[in-house]
Amino acid sequence: MQFDELLDRRRSTRAFSRDSISEDQVRSILEAANKAPSAGNLQAYGIFAVSDHDKLTDLVAAAKGQEFIAEAPICFVFCADPERSESEYGKRGRDLYSIQDATIAATFAILKAVDLGLASVWVGSFDEERVSNIIGAYKLRPVAIIPVGHGAENPEAKPRRKLSSLVHEM
Ligand SMILES: Cc1cc2nc3c(=O)[nH]c(=O)nc-3n(C[C@H](O)[C@H](O)[C@H](O)COP(=O)(O)O)c2cc1C
């Protein structure tokens, strides 16, 4: 798929069919995440691939009842690894770079999902402690839950701010 088409096709999708996704598809989404840039190439993040239905249901509860999370066959929980980045970059690594590393990797995963004809949504509204307990990630900080599956809706493109209000030329 051409890059611009890929960007245009991506939509936050909040309804998934019951169809599963293949191991190859999961693998290529993870490989794409692994190609993301990271501060000092430390890759200060972890990815938890959750397909167990009970755990997905627990994630729904931790994410304020966002039911579509458990409709998807798999959710990737991207977690920052603050200590890994702190060891090299101190406070900036802990508070900023580890979050950026994790979120850039999540973005790459979402774009690869689109490339595979799959749908996803970025879920950021959740109780971090509950999510950590569900996935057993105690030194990591969950920053994004990304359900991925076959879309069961066709959302319209959302409007964006004008470039002139975002960009400050000087
Ligand atoms: C940091 C962040 C947090 C988000 N959290 C949620 C969320 O908890 N639940 C949800 O349904 N969508 C969530 N979204 C998706 C946004 O609502 C969506 O990206 C935005 O409305 C634009 O729509 P689009 O992705 O279809 O272009 C989140 C997106 C980002 C980047």
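Before any of the text, the structure's been laid out above.
About the criteria used
- Residues numbered from 1 in each chain as written.
- Predicted model: local features only at pLDDT ≥ 70, side-chain atom pairs only at ≥ 80, totals over all residues.
- Heavy atoms only, no water.
- Near = heavy atom within 4 Å.
- Polar contact = N/O pair within 3.5 Å; in protein donor to acceptor, adjacent residues only side chain to side chain.
- Areas by Shrake-Rupley, 256 points an atom, 1.4 Å probe, with all protein chains shown as cover.
- Nonpolar A, V, L, I, M, F, W, Y, C, P; charged D, E, K, R; others polar.
- Phe/Tyr/Trp six-rings, centres within 6.5 Å; stacked < 30°, edge-to-face > 60°.
- Buried < 20%, exposed > 50% of the residue type's maximum accessible area, 1.4 Å probe, protein only.
- Pairing = 2+ DSSP bridges.
- Helix = DSSP H or I, 4+ residues; strand = E, 2+ residues; numbered from the N terminus.
- Contact = heavy atoms within 4.5 Å.
- Axes fitted to C-alpha atoms, helices over the stretch in contact; angles between N-to-C directions.
- Salt bridge = Lys/Arg side-chain N within 4 Å of Asp/Glu carboxyl O.
- Arc of directions from axis to C-beta.

### A closer look at the site of the ligand
Okay, so step 1: Around the ligand sit 13 residues, and of these Ser 12, Arg 14, Gln 66, Trp 122 and Arg 160 come closest.
Okay, so step 2: A distance of 2.5 Å separates an oxygen atom of the ligand from a polar side-chain atom of Ser 12.
Okay, so step 3: In the environment of the ligand, a nitrogen atom lies 2.7 Å from a nitrogen or oxygen atom belonging to the side chain of Gln 66.
Okay, so step 4: Starting from 620 Å² of accessible surface for the ligand in isolation, the protein chains cover 63%.
Okay, so step 5: For the shell around the ligand, the per-class residue count stands at 4 nonpolar, 4 polar and 5 charged.

### A few points about the packing of aromatic side chains
Okay, so step 1: Tallied over the entire structure, the rule returns 1 aromatic pair.
Okay, so step 2: Between the aromatic rings of Tyr 89 and Tyr 97, the centroid separation amounts to 5.2 Å while the plane-to-plane angle is 80°, which identifies the pairing as edge-to-face.
Okay, so step 3: Its relative accessible area of 32% is what places Tyr 89 among the partly exposed residues.

### Some details on the sheet that holds strand E4 (residues 141–149)
Okay, so step 1: The antiparallel open sheet is built from 4 strands, whose spatial order is E1-E2-E4-E3. Only two strands of the sheet have a single neighbouring strand rather than two, namely strand E1 (45–50) and strand E3 (119–120).
Okay, so step 2: Here E1 pairs with strand E2 (residues 74–80) via 6 bridges, running antiparallel. Along E2, the bridge assignment pairs Tyr 45 with Ala 80.
Okay, so step 3: The strands touched by helix H2 (residues 23–33) within the sheet are E1, E2 and E4, with E2 carrying the most contacts at an inclination of about 20°.

### Describing the pattern of salt bridges
Okay, so step 1: Inspection of the entire model under this criterion finds 8 salt bridges.
Okay, so step 2: Here Glu 31 makes a salt bridge to Arg 27, at a shortest N to O gap of 3.1 Å. A residue pair is termed a helical-turn pair when its members lie 3 or 4 positions apart in one helix, as Glu 31 and Arg 27 do in helix H2 at 4 residues.
Okay, so step 3: Owing to a relative accessible area of 54%, Arg 27 belongs among the exposed residues under this scheme.
Okay, so step 4: Across the pair Asp 95 and Arg 94 runs a salt bridge, and its minimum N-O distance is 3.0 Å.
Okay, so step 5: Taking the relative accessible area as the measure of exposure, Asp 95 reaches 38% and is therefore partly exposed.
Okay, so step 6: A residue is classified by how much of its surface remains accessible, and Arg 94, at 30% relative accessible area, is partly exposed.
Okay, so step 7: One network of salt bridges, in which partners are shared, links Glu 86, Lys 91, Arg 94 and Asp 95.

### Focus: helix H3 (residues 53–62)
Okay, so step 1: When we look at burial in H3, the residues that qualify are Leu 56, Leu 59, Val 60 and Ala 62. Mapping the buried residues of H3 onto a view down its axis gives an arc of 165°, with all of them on the same face.
Okay, so step 2: The opening residue of H3 is Asp 52, an N-cap whose side-chain oxygen sits 3.2 Å from the backbone nitrogen of Asp 54.
Okay, so step 3: In the stretch just after H3, Lys 64 is the one whose phi turns positive, near 55°.

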